[in-house]
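# Reading the structure
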Amino acid sequence: MERVYSVANEFLTLAGNSDKQLTNLQLAKLCYITHGLSLAILNTKAFNEPIEAWKLGPVIPKLYHEFKDFGSNPITRKATVLDTKTLQNKTPEVQDDNLKKVIELTWNIYKDVSGNALVSITHQGNTPWSVTYVPNQNKEISDELTLKYYKKFIGNLEHELA
């Protein structure tokens, strides 16, 4: 299983290759959607870090804190981790080819969607966020709710494409 930093860095690479920029808000939503699609398509988590229901939608706290210094400005660097063997910072990358395909699918669907629009999408009725959110509590969104929602999302997508 990958780390959320690997998934985030993959999106930052895709954005750079497309001459686009991502904010922390957009990156959080893209990583969350990828996690949901990974559960539904691959039957595995995209990453192991918890996802919480915050006021502006699903947030991976570890990812938020990595990039919070950017505020609402575009992120201009990738996430890094300390390699305990070399004691050097390294930039995590996604190793799983199937997960890369899910990230690319997410990117292709949402690359032109603003942060505010992504918030609206994740705030719709019966989303895992809307079922979990309690003001000022930052409750964890369960993988079970996320899986159920994205299985239905994939079913609807398949129906539209048929």
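Summary of the structure given here. (Residues numbered from 1 in each chain as written. Predicted model: local features only at pLDDT ≥ 70, side-chain atom pairs only at ≥ 80, totals over all residues. Heavy atoms only, no water.)

Under the 1.5 Å per step criterion, the end-to-end length of helix 7 (residues 143-161) is 26 Å for 19 residues, consistent within 8% with the ideal 27 Å. Restricting attention to buried positions, one finds in helix 7 the residues Thr146, Tyr150, Phe153 and Ile154. Viewed end-on, helix 7 has its buried residues packed into an arc of 100°, placing them on one side of the element. Away from the buried face of helix 7 by more than 90 degrees, exposed residues Glu144, Lys148, Lys152 and His159 are located. Where helix 7 is buried, its residues meet helix 2 (24-42), helix 4 (97-110) and helix 6 (128-132). (Helix = DSSP H or I, 4+ residues; strand = E, 2+ residues; numbered from the N terminus. Expected span 1.5 Å × (residues − 1). Buried < 20%, exposed > 50% of the residue type's maximum accessible area, 1.4 Å probe, protein only. Arc of directions from axis to C-beta. Contact = heavy atoms within 4.5 Å.)

Next up on the list: the nonpolar core. Counting 40 residues, the largest nonpolar core has Phe11, Leu27, Cys31 and Leu63 as its most contacted members. For this core, the secondary-structure elements that each account for two or more residues are helix 1 (4-17), helix 2, helix 3 (61-67), helix 4 and helix 7. Among the elements that line this core, the one with the most residues is helix 1, at eight residues. Beyond its immediate stretch of four places on either side in the chain, Phe11 contacts Leu22, Leu27, Leu30, Cys31, Thr34, Ile103, Thr106 and Trp107. (Core = buried A, V, L, I, M, F, W, Y, C linked by side-chain atoms within 4.5 Å.)

Moving on, we get to the pattern of salt bridges. Enumeration according to the criterion identifies four salt bridges in this entry. Salt-bridge contacts for Glu49 lead to Lys62; the nearest nitrogen and oxygen are separated by 4.0 Å. Taken together, the residues span a long stretch of sequence, with Glu49 in the loop between helix 2 and strand 1 (52-54) and Lys62 in helix 3 at a distance of 13 residues. With relative accessibility at 38%, the residue Lys62 sits in the partly exposed group. Here Arg77 makes a salt bridge to Glu66, at a shortest N to O gap of 2.9 Å. Separated by eleven residues along the polypeptide, Arg77 in the loop between helix 3 and strand 3 (81-83) and Glu66 in helix 3 bring together distant segments of the chain. (Salt bridge = Lys/Arg side-chain N within 4 Å of Asp/Glu carboxyl O.)

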